[in-house]
Amino acid sequence: MIETLEPFRVELTGYCYRMLGSGFEAEDAAQETLVRAWKAYDSYDSSRASLRTWLYRIATNICIDMQRSAQRRALSIGLGPAGGDIGAPMSERVFVQPVPDALVLPEDQAIRRETVRLAFVAALQHLPPRQRAVLILRDVLAWQASEVASLLDISVAAANSALQRARATLPVVDAGEPFAPSDPVQKSLLSRYCEAFERHDVKTLVALLHEDATMSMPPFSWWLRGRGPISVALSDPGAACAGAWLVPVRANGSPAYWQMRPGMDRPFGLVFLDVRGGLVTGSTTFLNVEELLPLFGSPMSSGPSSRIPVDD
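Rules of the game
- Residues numbered from 1 in each chain as written.
- Predicted model: local features only at pLDDT ≥ 70, side-chain atom pairs only at ≥ 80, totals over all residues.
- Heavy atoms only, no water.
- Helix = DSSP H or I, 4+ residues; strand = E, 2+ residues; numbered from the N terminus.
- Rg over C-alpha atoms; globule rule 2.2 N^0.38 Å.
- Contact = heavy atoms within 4.5 Å.
- Areas by Shrake-Rupley, 256 points an atom, 1.4 Å probe, with all protein chains shown as cover.
- Lys, Arg positive; Asp, Glu negative; His and termini not counted.
- Charge placed at Lys NZ, Arg CZ, Asp CG, Glu CD.
- Pairing = 2+ DSSP bridges.
- Axes fitted to C-alpha atoms, helices over the stretch in contact; angles between N-to-C directions.
- Parallel < 35°, antiparallel > 145°, perpendicular 65-115°, else oblique.
- Nonpolar A, V, L, I, M, F, W, Y, C, P; charged D, E, K, R; others polar.
- Expected span 1.5 Å × (residues − 1).
- Buried < 20%, exposed > 50% of the residue type's maximum accessible area, 1.4 Å probe, protein only.
- Polar contact = N/O pair within 3.5 Å; in protein donor to acceptor, adjacent residues only side chain to side chain.

Colleague: Would you take a moment to explain the overall build of the chain for this structure?
Modeller: Scanning the chain from terminus to terminus reveals 13 helices and six strands. For 312 residues, the compact-globule formula gives about 20 Å, and the C-alpha radius of gyration of the chain, at 20 Å, lands near that figure. Principal-axis analysis of the C-alpha atoms gives the chain an extent of 65 × 40 × 40 Å. For the chain, long-range pairs separated by at least 24 residues make up 65% of all intrachain contacts whose partners lie at least 6 apart in sequence. As displayed, the chain has an accessible area near 14400 Å², and 53% of this comes from carbon and sulfur atoms. Averaging the positions of the 30 positive and the 34 negative side-chain charges in the chain gives two centres separated by 4 Å.

Now the structure itself:
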């Protein structure tokens, strides 16, 4: 029976990640889904629902239960105005957290990379959990209204109404382009960015930014918008980026890198770049590395590299 359920793990984890905004919580929710399904398998009636629908029903209930008293996760740009003092670090539970691609993106769903990008997952958190489930199932996973209605034990009309409300409520967000190593424009941009970062060439880095680009560093709520403020931050002698380099990692369907620094036996941060039209529109550097390493594993790198990961 385990062999029957296990093939659903990655897609269930991806669904739970979009629902919960945390790789760790998504992994726990998917595991709990499979455990409950294993225990209740003898009561499963295939004439009433497909195995996939049954598993998603269990996963949906688990995710909704997990969110009853949980704070909505967000990105720094959703927590307050740009600028100001950097302040004190906040709990990781405040922020949408990153996730490895392999944990949430089945090979046959690679085209949905944009729906695990940080900005899109953060936007989903604005929706009530049941509306969130409906929108993910319909607009991301392409389920039929009748399938969603069956999963939630509601009418088709109610499922369609929930989808309309979710679409109307979902914030408009530019999540940037999914990671596309075969795109020569994106490949060139990322190569130049990595090379400039490793040279600590602030002038070139800023030239590669969109004029309204953002920069943030969870677990701080502080963030910046615009080339000018970002240039000042990158030029700060206290930033200590000189000598650092980037190691590519597959995460959130995005251009993502471990930031390595000389003399450190672990990464300094996990960097995500949002790109659009040949420019960087945003950078997010997660500094809670100790919490992320168990999920991602430690990068293997002995020195600077500006390689762009090759799509398999």
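Colleague: What is the right way to read the sheet that holds strand β5 (residues 269-276) from this model?
Modeller: Strands in a sheet are paired, the pairing made by backbone hydrogen bonds, and the direction either parallel or antiparallel. Across the sheet, which stays open at both edges, the six strands sit in the order β2-β1-β6-β5-β4-β3 with mixed pairing between neighbours. Every interior strand has two partners, whereas the edge strands, β2 (223-225) and β3 (245-248), have only one. Recorded for the sheet is a direction-independent mean angle of 20 degrees between the axes of neighbouring strands. Alignment of strand β1 (residues 209-216) against strand β6 (residues 279-286), held across four bridges, turns out to be parallel. Opposite Ser216, over in β6, you have Thr284 as the bridge partner. The sheet contacts of helix α10 (residues 184-199) involve β3, β4 (256-260), β5 and β6, and relative to β3 the element is tilted by about 145 degrees. Running over the sheet, helix α12 (residues 227-235) touches β1 and β2 and is turned about 50 degrees from β1.

Colleague: Whenever I open this one, the environment of His210 confuses me. Can you help?
Modeller: Within the fold, His210 resides in strand β1. Separated by 66 residues in the primary sequence, His210 and Arg276 have C-alpha atoms spaced 8.6 Å apart. Among residues more than four places away in sequence, those in contact with His210 are Arg227, Leu279, Val280 and Thr281.

Colleague: For this particular structure, what's the right way to read the packing of helix α7 (residues 129-140) against helix α9 (residues 156-169)?
Modeller: Relative placement of two packed helices is described by the angle separating their axes and the distance separating the axes. Two elements in contact, α7 and α9, have axes separated by 8 Å at closest approach and are oriented at 95 degrees. As judged from the angle between their axes, α7 and α9 are roughly perpendicular. Only Ala159, Asn160, Ala162, Leu163, Arg165, Ala166, Arg167 and Thr169 of α9 make contact with α7, whose side of the interface consists of Gln131, Val134, Leu135, Arg138 and Asp139. Looking at the contact of α7 with α9 residue by residue, the class counts come to six nonpolar, three polar and four charged.

Colleague: Can you help me understand α10 in this one?
Modeller: Side chains of residues three or four places apart in an α-helix project in the same direction, reflecting 3.6 residues per turn. Counted at 1.5 Å a residue, the expected span for α10 with its 16 residues is 22 Å, and the 22 Å between its end C-alpha atoms agrees. Those residues of α10 that sit buried are Gln186, Leu189, Leu190, Ser191, Tyr193, Cys194, Ala196 and Phe197. In this structure, the buried side of α10 is in contact with α11 (202-207), β3, β4, β5 and β6. Measuring from the side-chain oxygen of the N-cap residue of α10 to the backbone nitrogen of Val185 gives 2.9 Å; that N-cap residue is Asp183. One or two steps after α10, the chain reaches His200, where phi turns positive at roughly 55 degrees.

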